Amino acid sequence: METENKTVLTPGTIALAATPIGNPLDASFRLVAALREADLIAAEDTRRVKRLASELGIRLTARTLAYHEHNEVERTETLLEAARSGQKVLLVTDAGMPVVSDPGFRAVDAAAREGIAVDVFPGPSAPLTALVHSGIAPDRFAFEGFLPRTSSKRLSALESLSREARTLIFFESPRRTRECLEAMVDVFGAEREACVARELTKTHEEIMRGTLAELAAWARETEVLGEIAIVVAPAPPREENPADLAALVLARAEAGERLKDAAKAVAREHERVSARELYDAALAHKNRG
């Protein structure tokens, strides 16, 4: 497809575009066209966007502006002012989709509140690439980003996710990958299936699948390098006995709820048991009493 004369940016609009997470050939046609025609490019690292343009054979004519987590608040007004004046504004980050564990949210939020149009050019995504690689159930998943750096806060965050019924996706620093996996073994259990994806789409891409115990052992024996994504399988379903939950239903009923409504409420909190089972168990418990 010829992109040389393809116009994709609209004057007065802020466009956010996904950039390759490793392989420059993953750049979309819309990104290539946008880099050519932008008036202002806000980039997490201006050197990286210039290098990407060079790898794609593009000569940038736009003004480039550093836009990262340390200056996002003050620089957002610059982007809004450029859009107000009718310029074509492009926002990119070092890799992947802006906003997702990267700068961009403040710009979108501020533009929406001011009625400035926002456009999004989809493309490479490290969380989704890792999920597809993992071989772990993709039907329901949650992206958790980076865990806290300190041990106590990391454990607390993992404990809050210990019964999560969705596949979990994390980013992690290579320096903390071993500690992260060991903490997951302690909280999620040694046999939980997981995947570590390293340097996705790059020359030295590596995908490790196994139990959390096996991956933690790998991290202890290996010098972990590069950008890391960790995918963890959902928590196994709990086998719950309706009779064990009957007391919860009866407690709600004694507080004023209809027994049927109380059974429905408890069933919503315990997905493996139906409201009908709980209602019958509560009635049986009540009759025995």
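These numbers come from a predicted model, not from an experiment. (Residues numbered from 1 in each chain as written. Predicted model: local features only at pLDDT ≥ 70, side-chain atom pairs only at ≥ 80, totals over all residues. Heavy atoms only, no water.)

Turning to the packing of helix α3 (residues 72-84) against helix α4 (residues 105-114), a few remarks are in order. Following both chains from N to C, one finds α3 and α4 inclined at 45°, their axes separated by 9 Å at the closest point. One finds that α3 runs oblique with respect to α4. The two elements α3 and α4 meet at a crossing, and its hand is right-handed. Where α3 abuts α4, its residues E72, V73, T76, L79, L80 and R84 lie against F105, R106, A107, A110, A111 and E114. Here the residues of the contact of α3 with α4 are counted per class, giving seven nonpolar, one polar and four charged. (Axes fitted to C-alpha atoms, helices over the stretch in contact; angles between N-to-C directions. Helix = DSSP H or I, 4+ residues; strand = E, 2+ residues; numbered from the N terminus. Parallel < 35°, antiparallel > 145°, perpendicular 65-115°, else oblique. Left-handed = near helix turned anticlockwise from the far one by under 90°. Contact = heavy atoms within 4.5 Å. Nonpolar A, V, L, I, M, F, W, Y, C, P; charged D, E, K, R; others polar.)

What follows deals with the UniProt feature "domain: Tetrapyrrole methylase" (unreviewed entry) in the protein. The residues that UniProt annotates with the feature "domain: Tetrapyrrole methylase" (unreviewed entry) are residues 14-216. Secondary structure across residues 14-216 divides into 38% helix and 22% strand, with the first and last C-alpha atoms of the span separated by 43 Å. (UniProt positions renumbered as here; feature names shortened; annotations may be inferred.)

The topology assignment puts E254 in helix α9 (residues 242-254). Here E254 falls in the exposed class, since its relative accessible area comes to 72%. In the structure, E254 is positioned 147 residues away from A107 in sequence and 51 Å away in space, judged by C-alpha atoms. (Buried < 20%, exposed > 50% of the residue type's maximum accessible area, 1.4 Å probe, protein only.)

The subject of this paragraph is α3. With 13 residues, α3 extends 18 Å from end C-alpha to end C-alpha; this agrees with the ideal 18 Å at 1.5 Å per step. Within α3 the residues assigned to the buried category are E72, T76, L79, L80, A82 and A83. One face of α3 carries all of its buried residues, which in axial projection span an arc of 160°. Taken together, the buried residues of α3 touch β1 (14-17), β2 (40-43), β3 (63-66), β4 (89-92) and α4. Two residues or fewer past α3, G86 is found with a positive phi of approximately 90°. (Expected span 1.5 Å × (residues − 1). Arc of directions from axis to C-beta.)

Now for the nonpolar core. One finds F170, L181, M184, F188, V196, I230 and V232 to be the most contacted residues of the largest nonpolar core, which totals 24 residues. When contributions to this core are tallied by element, the ones reaching two or more residues are β7 (167-172), α7 (177-188), β8 (193-198), α8 (212-221) and β10 (228-232). In terms of residue count, α7 provides more of this core than any other element does, six residues in total. In this structure, L181 is in contact with V196, L212, L215, A216, A219 and I230, ignoring residues within four places of it in sequence. In terms of nonpolar packing, the next biggest core, distinct from the first, is built from 21 residues, A15, L31, L35 and V49 among them. (Core = buried A, V, L, I, M, F, W, Y, C linked by side-chain atoms within 4.5 Å.)

Here the focus is the sheet that holds strand β5 (residues 118-121). Here five strands make up an open sheet; going across it, the order is β3-β2-β4-β1-β5 and the pairing parallel. Where the open sheet ends on each side, the last strands, each with one partner, are β3 and β5. With direction set aside, neighbouring strand axes in the sheet form an average angle of 20°. One ladder, built from three bridges, connects β1 with β4; its direction is parallel. Within β4, the position partnered with L16 by the bridge is L91. Lying over the sheet, helix α1 (residues 29-37) contacts β1, β2, β4 and β5, oriented at roughly 130° with respect to β5. Each of β1, β2, β3 and β4 is contacted by α3, which is oriented at about 155° to β3, the strand it contacts most. (Pairing = 2+ DSSP bridges.)

All right, on to the side chain of S134 then. In this fold, S134 is placed in helix α5 (residues 126-134). On the basis of relative accessible area, S134 is assigned to the buried category, the value being 5%. Engagement of the side chain of S134 in a polar contact is seen with the backbone oxygen of L131, the distance being 2.7 Å. When sequence neighbours within four positions are dropped, the list of residues in contact with S134 reads C195, R209 and V231. (Polar contact = N/O pair within 3.5 Å; in protein donor to acceptor, adjacent residues only side chain to side chain.)

Across all of its chains, the model carries two aromatic pairs by this definition. An angle of 65° between the planes, with centres 5.6 Å apart, marks the rings of F146 and F171 as edge-to-face. One end of the pair, F146, is in strand β6 (residues 141-146); the other, F171, is in strand β7, and 25 residues separate them in sequence. Linked through ring pairs, F143, F146 and F171 together constitute an aromatic cluster. (Phe/Tyr/Trp six-rings, centres within 6.5 Å; stacked < 30°, edge-to-face > 60°.)

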